[in-house]
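Working through the structure, step by step
Here is what each chain is made of, one letter per residue.
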Amino acid sequence: MWVARRVLSSLVKRSQYAGQSGLFCRPQYGSFPELELRYLQCTCCWRSRVPVASFETLNANLSSSNEPCKDDASRTLDTCYTSEQRDAILQLLNTATPGELAGIKLLRGRKSLNIVEYRTKNGPFKTLESVVNVPLLKHKSAVIVFNSILNPTVKKERKVRIQLAKFIRPEVDKSWLEDASSIVSLICGTNKIAWAHVDRGMTVLDWQQVDCPNFLRGTYMASAYLHDVSSVVALLPSADFYIIEKSSISVQNTALFPIMAHMRAVEAMLFALLEPKNSLPESNIPPRVLNMMRTAVGRHFGLMVGESRTSGAQTVRQLMTESVTQKLPRINFPQDLLVKYRNSFQMGSRRGGEELCDALLQAIAFYELLSDCS
């Protein structure tokens, strides 16, 4: 006990030296606010008391000088802020347009209009307390508005990152695809093949379909299939890439197994006939024939209902209309193609234009998704 008493006594004497500041004495330079004094007492001798500042008082004073005004109805709004803060708040409230005010927290809708109407009728706000006279703005909401003006939150735009592998197979370097001057989008139906030839300027160069009478007949005769597919390939225009739709038929759906086998057979023949022989894995030339996921195109145009894709005929009709009514349409159609297909995609039409629609939508989705890739 006598050791503890001597230590405390020594600390008290040190704190009494002029010009010194330590744990138990107040600094002379006056940077801290006036603090409430409390005492440290020896646990064995209650006669020795050492004055110290209350840590609660210190924390309260330091925090109150830095934090924005909180919802405290006992204080006037003008006393909650410094003169610079008051000027900044009043400057914005007196000059901002309704659209600019709407970007501030709690000022969307009617409140921003009420501020403009109030200052137009009564003149600019001269004090923060006068803001509570605006309808729908009371003390609590005014504090939130003022703090939002002083500490605006910058909303970062979320950019959706799309990976090429999500819709294109096999993997190809993006630079090769961006340098392509045109593509041919191919859709294999149950009895026909359709294609759309579109350049990078989003202009339709060719758009047609060919009937394939040997599809899904008999026992999938390879020679018959090859004849029909070869006839189509001979008509296809030259392009940098050929995009073949990859259907989403599940292997587990045994009822659709004949359709799936048909699609895979036609797809394999198109790959074999369109791919140049010098496009080998060890070469530096990218593959010219690619797959595009059918579901990716459906999601891009909002055609998916659950896991099923609906008809794109209405979307194509809209695109054709915009081509002649808008200055900058999404896709440009030549006049002859508009005349040729203007009545092909009407509701209830039996002309079988689904493959034509899908070929065009796949080409548009290819370019637009490619531009969205990060």
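This report concerns the structure included in the present document. Numbering of residues starts from 1 in every chain and runs along the sequence as written. Under the rules for a predicted model, residues below a pLDDT of 70 receive no local features and side-chain atom pairs below 80 are neither given nor counted, while totals for whole chains, interfaces and linings still include all residues. The side-chain numbers reported here are obtained from all heavy atoms of the structure, hydrogens and water having been left aside.

1. Details of the pairing of strand β7 (residues 241-246)
The following threshold applies: Burial classes: relative accessible area under 20% of the type maximum marks a residue as buried, over 50% as exposed, and values in between as partly exposed (1.4 Å probe, protein chains only). Only DSSP runs of H or I reaching four residues or more are called helices, and only runs of E reaching two or more are called strands; each is numbered from the N terminus. At least two bridges found by DSSP between two strands is the condition for calling them paired.
Among the six residues in β7, five count as buried, and that is most of the element. Where β7 and strand β8 (residues 289-293) come together, five bridges link them in parallel fashion. Bridge pairing in β8 links Glu245 to Met292.

2. Observations regarding the pattern of salt bridges
Heads up, the rule is: Any carboxyl oxygen of Asp or Glu that lies within 4 Å of a side-chain nitrogen of Lys or Arg is treated as forming a salt bridge with it.
Tallying each qualifying case throughout the model produces eight salt bridges. Across the pair Glu267 and Arg264 runs a salt bridge, and its minimum N-O distance is 3.7 Å. Highlighted residues: Glu267 and Arg264, both in helix α9 (residues 257-274), separated by three residues, approximately one helical turn. We classify Arg264 as partly exposed; its relative accessible area is 29%. Close ionic contact of Asp358 with Arg309 constitutes a salt bridge, the shortest N to O distance being 3.1 Å. Here Asp358 is found in helix α13 (residues 354-372), whereas its partner Arg309 is found in strand β10 (residues 308-309), with 49 residues between them in sequence. The residues Asp358 and Arg309 share a single accessibility class, namely buried. When salt bridges that share partners are traced, they join Glu245, Arg294, Arg309 and Asp358 into one network.

3. Digging into the environment of Pro124
The line we're drawing: It only takes one pair of heavy atoms within 4.5 Å for two residues to be counted as in contact.
Among the secondary structure elements, Pro124 is positioned in the loop between α5 (110-122) and α6 (139-150). Take Pro124: its relative accessible area is 53%, and that puts it in the exposed class. Note: C-alpha distance between Pro124 and Leu93 (31 residues apart in sequence) is 8.3 Å. Look past the residues within four positions of Pro124 in its chain and what remains in contact with it is Asn94 and Arg119.

4. Side note on unusual backbone geometry
Omega for the peptide link from Arg169 to Pro170 comes to -10 degrees, which places this bond in the cis form. Within the element layout of this structure, Pro170 appears in the loop between β3 (168-169) and α7 (174-178). Despite not being glycine, Met202 shows a phi value in the positive range, around 60 degrees. Inspection of the secondary structure puts Met202 in the loop between β5 (192-199) and β6 (204-211). The backbone phi angle of Leu216 is positive, close to 55 degrees, even though this residue is not glycine. Within the element layout of this structure, Leu216 appears in the loop between β6 and α8 (222-235). You can call Leu216 partly exposed: its relative accessible area is 32%.

5. Structural notes on α8
Rules: Expected span, for any helix, means 1.5 Å times one less than how many residues it has.
Across its 14 residues, α8 extends 20 Å between first and last C-alpha, which sits within 8% of the 20 Å expected from 1.5 Å per residue. For α8, the full list of buried residues reads Ala224, Tyr225, Asp228, Val229, Val232 and Val233. Check the buried side of α8 and you find it contacts β5, β6 and α9.

6. As for the environment of Asn291
As a reminder of what qualifies: The definition of a polar contact used here is a pair of N or O atoms within 3.5 Å, where within protein one atom must be able to donate a hydrogen and the other to accept one, and adjacent residues in sequence count solely through side-chain atom pairs.
Examined against the element boundaries, Asn291 turns out to sit in strand β8. Using a relative accessible area of 7% as the deciding quantity, one classes Asn291 as buried. Separated by 48 residues in the primary sequence, Asn291 and Ile243 have C-alpha atoms spaced 5.6 Å apart. A distance of 3.0 Å separates a polar atom in the side chain of Asn291 from the backbone oxygen of Ile244.

7. Section: the nonpolar core
Threshold: Each nonpolar core is a collection of buried residues, namely Ala, Val, Leu, Ile, Met, Phe, Trp, Tyr and Cys, held together in the definition by side-chain atoms within 4.5 Å.
Membership of the largest hydrophobic core comes to 46 residues, with the highest contact counts inside it found for Trp207, Met292, Phe333, Phe345 and Phe366. At 12 residues, the largest contribution of residues to this core is made by α13. With 23 residues, the next largest nonpolar core counts Val134, Val145, Phe146 and Ile149 among its residues.

8. What about the packing of helix α11 (residues 313-325) against α13?
Here is the rule we go by: Note on geometry: axes are lines fitted to C-alpha atoms, helical ones only across the stretch in contact, with angles between N-to-C directions running from 0 to 180 degrees. Crossing handedness is read from the near helix: turned anticlockwise from the far helix by less than a right angle, it gives a left-handed crossing, and turned clockwise, a right-handed one. When residues are sorted by character, Ala, Val, Leu, Ile, Met, Phe, Trp, Tyr, Cys and Pro go into the nonpolar class, Asp, Glu, Lys and Arg into the charged class, and all the rest, Gly among them, into the polar class.
Put simply, α11 and α13 touch, their axes get as near as 9 Å, and they point 65 degrees apart. In this structure, the crossing between α11 and α13 has a hand that is left-handed. Here Ala313, Thr315, Val316 and Leu319 of α11 lie close against α13, whose contacting residues are Glu354, Cys357, Leu360, Leu361 and Ile364. Here the contact of α11 with α13 is composed, by residue class, of seven nonpolar, one polar and one charged.

The quantities given are spatial measurements derived from coordinates; they are silent on function.
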